[in-house]
Amino acid sequence: MNTDEQKRAAGQAAAMRLPGDAIIGVGTGSTVNHFIDALADLRDTIPAAVSSSEASAQRLRRAGIAVEDLNSVNEVAVYVDGADEINRLLQMIKGGGGALTREKVVAAVSKQFICIADESKLVHTLGTFPLPVEVIPMARSHVARQLVRLGGRPVLRESFVTDNGNQILDVHGLVIQEPLALEDRINGIAGVVSNGLFAHRGADLLLLATAEGVQEFRRP
Ligand code: 5RP
């Protein structure tokens, strides 16, 4: 299986695991797009979805699935999303697509987080993938200086505005030995909206597509 076939296999595996008649959370990215495509056949069993991005919301509607505002939903049973990197503790770097803040919010209200990924995403130590940090535009330079003090090399994501009207700094060169502490530390910088470390709210289940098939890993 090539990478795209692995992404499709992971997305289809997640679709098979949804509880019936429950509101689901849907993330963002090419792996999630395969998940949404697999939902089209299940549309009668899904009352509604909440989405982490405008792009996924549009794709969900095209698949015949109603999209609700998170504020009008009491409970999200399961959140399905991809990752840019994931370790064996099921802590992740996310935000390659720039949707990290909304992803974090939907993940926070969901009872279960299922991460779907191809095998290239599983790493021993997080940090090879540049860590996305969403910043309020007027705070960009201040935040960048603080990130340099933490040992990173922040690079502004050019010509990109998040769904929340903010900018993204992609932080290169971090070897993230303590994801929980770094997530808190970056969130504590004035002007940071959120960062792409999902350590405090990691995944509960990883569906990792490999050449041998889809493997399951649970949070230890
Ligand atoms: C978007 C994300 C995605 O989940 C992450 O970038 C993985 O994307 P893909 O499935 O395209 O590899 O966090 O903000």
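Focus on the site of the ligand
Part 1 of the reasoning: Every one of the 17 residues lining the ligand counts as a neighbour, but S30, T31, D84, G95 and K121 are closest to it.
Part 2 of the reasoning: With respect to the ligand, the side chain of K94 contributes an N or O atom lying 2.9 Å from an oxygen atom.
Part 3 of the reasoning: At a separation of 3.2 Å, an oxygen atom of the ligand approaches a polar backbone atom of G97.
Part 4 of the reasoning: The fraction of the free accessible surface of the ligand (380 Å²) that becomes covered by protein chains is 91%.
Part 5 of the reasoning: A majority-of-atoms criterion places the ligand in the second largest pocket.
Part 6 of the reasoning: A class-by-class count of the residues in the shell around the ligand yields two nonpolar, nine polar and six charged.

Looking at the sheet that holds strand β6 (residues 110-118)
Hydrogen bonds between backbone atoms are what pair the strands of a sheet, whose relative direction is either parallel or antiparallel.
Part 1 of the reasoning: Here we have six strands laid out as an open sheet, ordered β2-β1-β3-β6-β12-β13, and mixed in their pairing. Strand pairing shows two members of the sheet lacking a second neighbour, β2 (49-51) and β13 (213-218), which therefore form its edges. Between one strand and the next, the sheet's axes are offset by a mean angle of 20 degrees, whatever the strand orientation.
Part 2 of the reasoning: The pairing of strand β12 (residues 205-210) with β13 spans six bridges and is classified as antiparallel. Across the sheet, A209 pairs through a bridge with V214, a residue of β13.
Part 3 of the reasoning: Each of β1 (24-26), β2, β3 (76-81) and β6 touches helix α4 (residues 100-109); the most contacted strand, β6, lies at about 130 degrees to it.

Rules used throughout
- Residues numbered from 1 in each chain as written.
- Predicted model: local features only at pLDDT ≥ 70, side-chain atom pairs only at ≥ 80, totals over all residues.
- Heavy atoms only, no water.
- Near = heavy atom within 4 Å.
- Polar contact = N/O pair within 3.5 Å; in protein donor to acceptor, adjacent residues only side chain to side chain.
- Areas by Shrake-Rupley, 256 points an atom, 1.4 Å probe, with all protein chains shown as cover.
- 1 Å grid on protein atoms, 1.4 Å probe; cavity = no way out; pocket = protein on both sides within 12 Å on 5 of 7 lines; lining within 4 Å.
- Sits in = over half its atoms within 2 Å of the grid points.
- Nonpolar A, V, L, I, M, F, W, Y, C, P; charged D, E, K, R; others polar.
- Pairing = 2+ DSSP bridges.
- Helix = DSSP H or I, 4+ residues; strand = E, 2+ residues; numbered from the N terminus.
- Axes fitted to C-alpha atoms, helices over the stretch in contact; angles between N-to-C directions.
- Contact = heavy atoms within 4.5 Å.

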